[in-house]
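In case you want the letters, here they are:
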Protein chains: 2
Amino acid sequence: MFGVPGDFNLWFLERAAPVGQVEFVGCCNELNAACAADGYARLNGIAALATTYGVGELAALSGVAGAYAERVPVVCITGAPPLSAMKNGALLHHSLADGNFDNMLACYKEFTVAQTRIEPKTAALEIDRVLRACWLEKRPVYIQLPSDLIACEIADIEAPLELDLPADSAAHLARAIASIAARLARAERPAFLLDADADRFGLTDLIIRLAEANDIPIVSLAPARGHVPDAHPLSLGTYRGAASIPTVKEAVETSDCLLCIGARLTDLSTGLFTQNFDKAFIVDVQPTMVMVGDVSYDRVSSRALLMGLLEAAPRRRQSAPHLRSIAAPARPPQASGSLTQATFWSFIQGLLQPGDVLLADAGTSLFGAAALTLPRDTTFISQPIWGSIGYTLPAVLGSCLAAPDRRHLLFIGDGAFQMTAQELSTILRLDLKPIIFLVNNDGYTIERLIAGPESAYNDIQPWRYSQMPAVFAPAKPALVRVAKTQEQLADAVAAAAGANSATFIEVLLPRMDAPGDLAKFARRAAEFDFPQIFNAA
Amino acid sequence: MFGVPGDFNLWFLERAAPVGQVEFVGCCNELNAACAADGYARLNGIAALATTYGVGELAALSGVAGAYAERVPVVCITGAPPLSAMKNGALLHHSLADGNFDNMLACYKEFTVAQTRIEPKTAALEIDRVLRACWLEKRPVYIQLPSDLIACEIADIEAPLELDLPADSAAHLARAIASIAARLARAERPAFLLDADADRFGLTDLIIRLAEANDIPIVSLAPARGHVPDAHPLSLGTYRGAASIPTVKEAVETSDCLLCIGARLTDLSTGLFTQNFDKAFIVDVQPTMVMVGDVSYDRVSSRALLMGLLEAAPRRRQSAPHLRSIAAPARPPQASGSLTQATFWSFIQGLLQPGDVLLADAGTSLFGAAALTLPRDTTFISQPIWGSIGYTLPAVLGSCLAAPDRRHLLFIGDGAFQMTAQELSTILRLDLKPIIFLVNNDGYTIERLIAGPESAYNDIQPWRYSQMPAVFAPAKPALVRVAKTQEQLADAVAAAAGANSATFIEVLLPRMDAPGDLAKFARRAAEFDFPQIFNAA
């Protein structure tokens with residue numbers, strides 16, 4: 001449970017801490033706490049966020065919305081004023097002092113799948129209801145806990161929390177399986193198109209088994225990056241519309257049975273809506289329903305459906321051999337030379353190990369890291385939909401706590417780092433040991449590529465980043481390096497391997513340098529956002 | 001205009017900057033930008049906030065809600081996705097990727113007095129409508145500006161923006177004035193009770209004239225701190241319910257004609273609802289209506305009402321001489337000795353000069369600063385209603401820009417500073433010169449006084465605060481001192497007087513030390529929030 005104390009939640013924290021099953025991690029502010037909870041839940045399945053009423057919960061809201069967009073289950077618990085004071089419309093601090101106590105809940109309603117204000121009579125039922133929604137829908141929920149109810153006792157709950165999905169319709173399930181199996185049987189070019197749902201609902205292994213049994217290639221959308229191992233022979237890579245590599249583009253766009261798992265065809269997932277495939281060939285698998293072409297089957301859970309297909313689908317061999325699409329392993333970095341986006345990511349490629357957790361912030365970091373070939377058992381954490389810069393620094397606090405025995409590599413730009421910088425303090429306070437690459441390219445590079453390359457609004461104040469670990473945690477060890485050349489980068493990384501502490505490497509990269517095809521993407525984004533300006537040119 | 005660039009607002013910033021009348025100040029994150037805009041508007045009447053859709057505007061929301069609660073006009077301008085993409089429900093980054101583009105506006109609706117999504121046909125009217133609401137209601141408004149409309153031209157607007165309040169009802173105004181004048185004529189103990197509205201609607205001078213003409217004492221509520229000069233012979237001090245000093249308590253609670261200006265009897269303004277006065281004696285002056293006892297008069301603007309009273313009310317002398325209530329000037333600090341809350345604030349009292357701008361963050365800083373006697377023309381900035389810790393650091397960025405020739409003194413605790421610390425970077429980048437007192441008492445002291453004095457959740461990571469100016473702005477000069485004794489504090493302040501730069505003084509105070517009656521207030525807050533726990537004891 002991540003959060004910040006405030007007067008309305010103090011006794012909740014006082015009571016929650018000794019329970020022993022929940023550890024409270026105090027963060028520097030609430031937005032950071034929300035991102036940390038998200039990072040934790042990505043690896044361990046669920047997390048909680050504790051804030052105080054009004055000031056705290058609103059400050060966290062953008063982080064909670066991010067968890068909604070990226071489908072991450074976070075239980076948001078706000079310590080609210082006493083129930084009687086709210087019911088009386090008392091003019092309280094942390095409110096608008098107008099007697100309205102419904103506005104916070106109204107906001108959270110937009111970004112959570114279930115909400116409740118706890119009252120004594122219904123507390124047991126309501127808490128279970130929202131926890132269940134959080135778990136089943138893999139999205140945030142909101143619990144408003146009036147401060148005077150902390151001491152309120154409720155009867156023991158005897159039944160365990162019901163965490164199964166509602167029962168499927170056996171008839172719908174059977175018909176859906178038969179329909180899809182028939183499509184698969186006659187398809188010449190079936191393919192999987194995976195989105196984040198596959199991971200969030202724990203379906204990835206099942207999908208791989210189904211793909212192996214039927215020799216179906218697997219393509220991922222950006223939010224599913226890293227869920228299927230890059231080294232798997234059936235894994236073709238990431239679909240990005242017109243910007244896809246040819247093998248991936250062909251596999252998806254010529255497929256006559258495209259098995260989509262929770263696919264959301266967002267701007268970033270489609271190279272700005274340049275996808276090109278026929279809806280008639282799509283099987284759209286959602287958590288509790290499936291659409292086969294234009295026929296929908298509700299009350300069909302994705303797991304049962306995939307299990308059924310595994311049994312029902314005829315073993316088949318695809319006619320055309322699959323071309324492996326993964327980029328060739330990067331060349332080993334040269335011993336010397338200045339760093340560029342290209343040489344930096346090439347070096348990082350050589351650094352990756354099985355089991356790593358990679359976090360890439362929006363901007364050049366995400367575009368660079370997304371093009372890496374990931375070793376097996378790598379976890380890749382980013383926000384390809386919500387895209388809130390600064391998310392990953394607090395997220396790595398969460399991910400390190402969730403999987404302390406894994407190596408966590410964070411890539412974050414200077415503009416993003418400035419958003420949430422103070423959470424480095426908590427990372428060091430808790431003796432966590434991520435390797436943080438601060439990709440310093442002197443301002444908002446991704447925005448310079450879209451508009452205003454020389455405009456002052458894309459400039460930021462240059463910080464002495466390398467001194468921040470010592471400032472935030474004077475008593476804690478941290479390995480800190482600045483790398484302007486490949487040699488310095490290699491030295492820094494070699495030192496990190498031996499360090500029993502967090503590592504903070506400031507990497508100096510050219511201001512307008514962009515990894516991969518980011519420049520092309522940025523140009524398209526400019527045309528999309530400001531058509532009169534950039535299409536006219 | 002304070003804010004953060006993002007792809008959907010880039011061309012708006014590109015076009016807005018050269019206009020010449022608007023300066024864009026890039027902040028480290030959006031919450032900070034919102035607080036900076038609030039701080040600017042407190043001194044210069046209005047400010048703007050520029051964010052990008054979703055991620056940015058939600059991150060700013062708590063700061064905007066604060067401006068609403070404290071009645072500060074801020075024009076929130078969000079760069080949104082292209083209008084056609086929103087209308088088509090496109091699955092875009094910075095949204096929930098579900099086609100819903102109404103959720104951000106729904107949230108802002110809770111914390112702004114007018115909202116609009118710009119469309120070409122109605123742009124001119126709509127922009128004027130929301131700007132007018134912002135100015136007249138002195139509260140935030142929200143403009144959602146689709147990115148593709150930046151290049152959209154609209155016809156020249158010939159009529160100036162109408163900024164007058166709707167016309168008063170002459171009949172209501174005359175009756176209200178007559179009724180209040182009659183009450184004043186027969187009252188033996190009239191008094192003014194001022195809230196923030198008096199300042200926000202520019203009524204303070206008028207109220208002072210009316211008070212002087214009729215010898216009416218003036219009492220302020222916490223949000224009106226500093227609006228009437230403490231040295232004014234009719235100024236009695238701050239009402240805080242049962243915690244008021246006797247003169248103030250008597251003036252308010254025995255008044256037979258209590259002229260309330262926008263009074264909101266919040267928990268903090270009333271010593272936790274310990275006010276004790278008879279509603280029958282209240283004249284409740286609101287911006288466009290007034291209640292006299294239980295008779296309400298609508299379409300009566302507060303300015304016209306007060307002007308009318310100035311003409312109509314009979315000159316009178318109050319029977320009892322007023323006892324001056326302001327605390328005696330503090331003793332000059334002793335030359336040596338360790339610092340405590342008492343000696344620190346006593347020293348600050350001696351430091352104050354006419355024209356100073358004081359900013360006090362929630363917690364010990366606000367309780368300490370609120371008890372100071374303010375020289376003439378002092379401005380006091382705080383959030384006595386919203387109470388969001390960390391608000392004042394970005395707010396001093398705004399206040400310094402609004403009044404660069406005045407001296408700005410900021411008092412902020414260590415826990416609060418950690419919330420928004422990065423905005424020190426922008427303060428230094430812009431060569432602003434506040435004197436910042438970082439009141440370091442090792443954690444959330446005000447919360448320790450409420451609950452969990454030794455609990456880990458009230459601890460924070462100790463930073464090496466004194467190095468932060470050099471880390472955030474290596475190329476900028478700043479005077480930095482650490483003061484553990486009165487001598488060190490005096491030395492630091494003496495040096496600040498000669499420094500042509502920002503000053504950052506870390507003041508080390510005992511962990512559980514509390515200024516004034518904060519400990520008593522905290523105890524009452526604990527009883528209010530957690531009655532079963534603290535009343536049972």
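Basis of the calculations
- Residues numbered from 1 in each chain as written.
- Chains lettered and ligands numbered in written order.
- Predicted model: local features only at pLDDT ≥ 70, side-chain atom pairs only at ≥ 80, totals over all residues.
- Heavy atoms only, no water.
- Salt bridge = Lys/Arg side-chain N within 4 Å of Asp/Glu carboxyl O.
- Helix = DSSP H or I, 4+ residues; strand = E, 2+ residues; numbered from the N terminus.
- Buried < 20%, exposed > 50% of the residue type's maximum accessible area, 1.4 Å probe, protein only.
- pLDDT = per-residue confidence, 0-100.
- Pairing = 2+ DSSP bridges.
- Axes fitted to C-alpha atoms, helices over the stretch in contact; angles between N-to-C directions.
- Right-handed = clockwise from strand over helix to strand, strands pointing away.

(A) The arrangement of the pattern of salt bridges in detail. Going through the model one piece at a time under the given rule, you end up with 36 salt bridges over all chains. Among the salt bridges present, the one from B:Asp459 reaches B:Arg511, with a minimum N-O distance of 3.3 Å. Taken together, the positions of B:Asp459 in the loop between α17 (445-450) and α18 (468-472) and B:Arg511 in the loop between β19 (502-508) and α20 (518-529) put the pair 52 residues apart, joining distant regions of the chain. You can call B:Asp459 partly exposed: its relative accessible area is 32%. Here B:Glu527 and B:Arg523 are joined by a salt bridge, their closest N and O atoms 3.2 Å apart. With a gap of 4 residues between them, B:Glu527 and B:Arg523 both fall in helix α20, about one helical turn apart. A residue is classified by how much of its surface remains accessible, and B:Glu527, at 23% relative accessible area, is partly exposed. Where salt bridges share partners, they join A:Asp442, A:Arg448, A:Glu454, A:Asp459 and A:Arg511 into one cluster.

(B) The arrangement of the confidence of the model for chain A in detail. This prediction gives chain A a mean pLDDT of 94; 95% of its residues lie at or above 70. Reported confidence for the predicted complex is 0.96 by ipTM and 0.96 by pTM.

(C) Inspection of the sheet that holds strand β7 (residues 190-194) of chain B at higher detail. Residues and elements named next belong to chain B. What the 7 strands build is an open sheet, ordered β9-β8-β7-β10-β11-β12-β13; its pairing is mixed. Each of the sheet's edge strands pairs with one partner strand only, and the pair in question is β9 (235-238) and β13 (295-298). Shown here is a sheet whose adjacent strand axes are inclined to one another by a mean of 15 degrees, direction ignored. With 3 bridges joining them, strand β8 (residues 218-220) and β9 adopt parallel strand pairing. Each residue of the ladder has a partner; that of Ile218, found in β9, is Ser235.

(D) The arrangement of the pairing of strand β14 (residues 357-360) of chain B in detail. Residue and element names in this part refer to chain B. Burial along β14 is two-sided: the face carrying Val357 and Leu359 and the face carrying Leu358 and Ala360 are both buried. As judged from the 3 bridges shared by β14 and strand β15 (residues 379-381), these two strands associate in the parallel manner. Looking across to β15, one finds that Leu358 is bridged to Phe380. In the classification by handedness, the crossover that spans β14, the intervening helix α13 (residues 364-370) and the parallel β15 is right-handed. Across 4 bridges, β14 lies against strand β16 (residues 408-413) in parallel orientation. Bridging from a neighbouring strand, Leu358 pairs with Leu409 of β16.

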